[in-house]
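Fold and contact review
Residue-level listing of the chains:
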Amino acid sequence: MPDKKIIEDYPYIRYSKATLSDEEMRERSQFFYEAMDSRRSVREFSDSPVPREVIENLIKTASTAPSGAHKQPWTFCVVENPVIKKQIRIAAEEEELESYESRMSSDWIEDLKPLGTDWRKPFIETAPYLVIVFRCIYELDSDQKKKNNYYVQESVGIATGFLLAAIHNAGLVSLTHTPSPMNFLTKTLNRPANEKPYLLIPVGHPAEECWVPDLKRKGLEDICVFY
């Protein structure tokens, strides 16, 4: 049987995947759940180096995510330069300080207390890598005409989820940081007008002494409804 085929003038390849037994599926799903259930957002990073090849593999994993019309509307900017990291920290802390002092509601600030976070973001400089995720609102063709991307927010969100899972799977830690507004990232990294900042994710090893809040996740009965 052929492995390639033309369908309505477009190339297709045969998809095949090993069929697992019910028991194998149960074991794999349980193993992956338990592995991911140990994932935590970390704010205390080590400055220990991480091989660039690892980061490259994480980004490639994120890029396997599905996207609207397969437009892949994302750019992952990886920052390891300490000068740029310092610039980002200064700008992020300026925005965060203003948010804590005037933008955020009292309820919001109260809800954040169990997480032990405030406007100070030293991890931006400490972590060996920052991955800044940008969503690409549109593309430009060879004639510099705009071409729409579709379901950009959803697509980039899924890719980010893949990235976080890959980071954890590699034995590293991360944090989803959203300084708001984030326009300073566009300027600092000199990104084009069609890209908008989505998330800032420090990536690295946890600090030798690292503490995280003792949080509980909702149970299956609280998040899932079977019909």
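Computed from a predicted structure; not experimentally measured.

1. What to know about the sheet that holds strand 7 (residues 173–174)
- Taking strand neighbours across the sheet as the criterion, the four strands line up as 3-4-8-7 in an open arrangement whose pairing is antiparallel. Both edges of this open sheet fall to strand 3 (74–79) and strand 7, since each of them pairs with a single strand only.
- Across eight bridges, strand 4 (residues 129–136) lies against strand 8 (residues 195–204) in antiparallel orientation. When the sheet's bridge partners are listed, L130 is paired in strand 8 with P202.
- In this fold helix 2 (residues 52–62) packs onto strand 3, strand 4 and strand 8, with an angle of close to 165° to the strand it touches most, strand 3.
- Along the sheet, helix 6 (residues 152–169) makes contact with strand 3, strand 4, strand 7 and strand 8, crossing strand 8 at roughly 10°.

2. What to know about unusual backbone geometry
- S180 connects to P181 through a cis peptide bond whose omega is 0°.
- Within the secondary structure, P181 sits in the loop between strand 7 and helix 7 (183–188).
- Unusually for a residue other than glycine, Q144 sits at a positive phi of about 65°.
- Topologically, Q144 is positioned in the loop between strand 5 (138–140) and strand 6 (146–148).
- For Q144, a relative accessible area of 57% gives the class exposed.

Cut-offs applied
Residues numbered from 1 in each chain as written. Predicted model: local features only at pLDDT ≥ 70, side-chain atom pairs only at ≥ 80, totals over all residues. Heavy atoms only, no water. Pairing = 2+ DSSP bridges. Helix = DSSP H or I, 4+ residues; strand = E, 2+ residues; numbered from the N terminus. Contact = heavy atoms within 4.5 Å. Axes fitted to C-alpha atoms, helices over the stretch in contact; angles between N-to-C directions. Buried < 20%, exposed > 50% of the residue type's maximum accessible area, 1.4 Å probe, protein only.

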